[in-house]
Amino acid sequence: MEQKHHHSEEFHERHERIWFMFIPPLVWAIHLLACYLTAAVWCAKYSSSTDGFMTVRVSIGIYTLLAIAVIGALGWVGFRRHRHLSEDLAYHDDTPLDRYRFLGLATFLLSALSAVATLFVAAAALFIGNCN
């Protein structure tokens, strides 16, 4: 028990920001907007093009890879924070370390949810054949 309190005194909460855990859903929202705008602009300007919808699909694929990379990196940071300095994963004490680890868990879970949502957005490009 003393060891846990010893480690919790090392954390200074003024350096922690709660907004960090909202970045993965923000990345998903930007990805959704980019995919929608790309498809909308393409269909408005080039719907009669012989290229078909492949340009939009490639663009959405690139957006998806970038979004999943950013979300994955943020999820990894959250996971490392969650596992920081402890084998015991319970949050019984109201200490800076427990709050730090809880925010890490929340970041990790929001990253997982955002990754699934990003993949669902990208899956729509697989099923849309053209602008009609």
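Everything below is about the structure shown above.
Each value, and the rule that gives it
Residues numbered from 1 in each chain as written. Predicted model: local features only at pLDDT ≥ 70, side-chain atom pairs only at ≥ 80, totals over all residues. Heavy atoms only, no water. Helix = DSSP H or I, 4+ residues; strand = E, 2+ residues; numbered from the N terminus. Contact = heavy atoms within 4.5 Å. Areas by Shrake-Rupley, 256 points an atom, 1.4 Å probe, with all protein chains shown as cover. Phe/Tyr/Trp six-rings, centres within 6.5 Å; stacked < 30°, edge-to-face > 60°. Buried < 20%, exposed > 50% of the residue type's maximum accessible area, 1.4 Å probe, protein only. Lys NZ or Arg CZ within 6 Å of the ring centre and 35° of its normal. Core = buried A, V, L, I, M, F, W, Y, C linked by side-chain atoms within 4.5 Å.

With that settled, consider the overall build of the protein chain. Secondary structure summary: the protein chain contains four helices and zero strands in total. Overall, the protein chain shows an N-to-C arrangement of helices and strands of α-α-α-α. Contacts spanning at least 24 positions in sequence make up 74% of the contacts within the protein chain whose residues lie at least 6 apart. Carbon and sulfur atoms make up 68% of the accessible area of the protein chain, which totals about 8,700 Å².

We describe a pair of aromatic rings using the distance from one ring centre to the other and the angle between the two ring planes. Scanning the entire structure with this criterion turns up two aromatic pairs. Pairing F79 with F108 gives two aromatic rings, centres 5.5 Å apart and planes at 55°, and the pair type is tilted. Note that F79 is positioned in helix α3 (residues 54-82) and F108 in helix α4 (residues 96-127), a separation of 29 residues in sequence. Residue classification places F79 among the partly exposed positions, given a relative accessible area of 32%. By the ring-pair criterion, three or more aromatic residues cluster together here, those being W76, F79 and F108. Lying across the ring of F20, R81 places its NZ or CZ 4.9 Å from the centre.

The biggest cluster of nonpolar side chains holds nine residues, and these are C35, A39, W42, F53, V56, I60, V121, A122 and A125. Looking at this core, the elements that each hand over two or more residues are α2 (23-46), α3 and α4. Each residue touching F53, except ones within four places of it in the same chain, is listed here: A39, W42, C43, I128, G129, N130 and C131.

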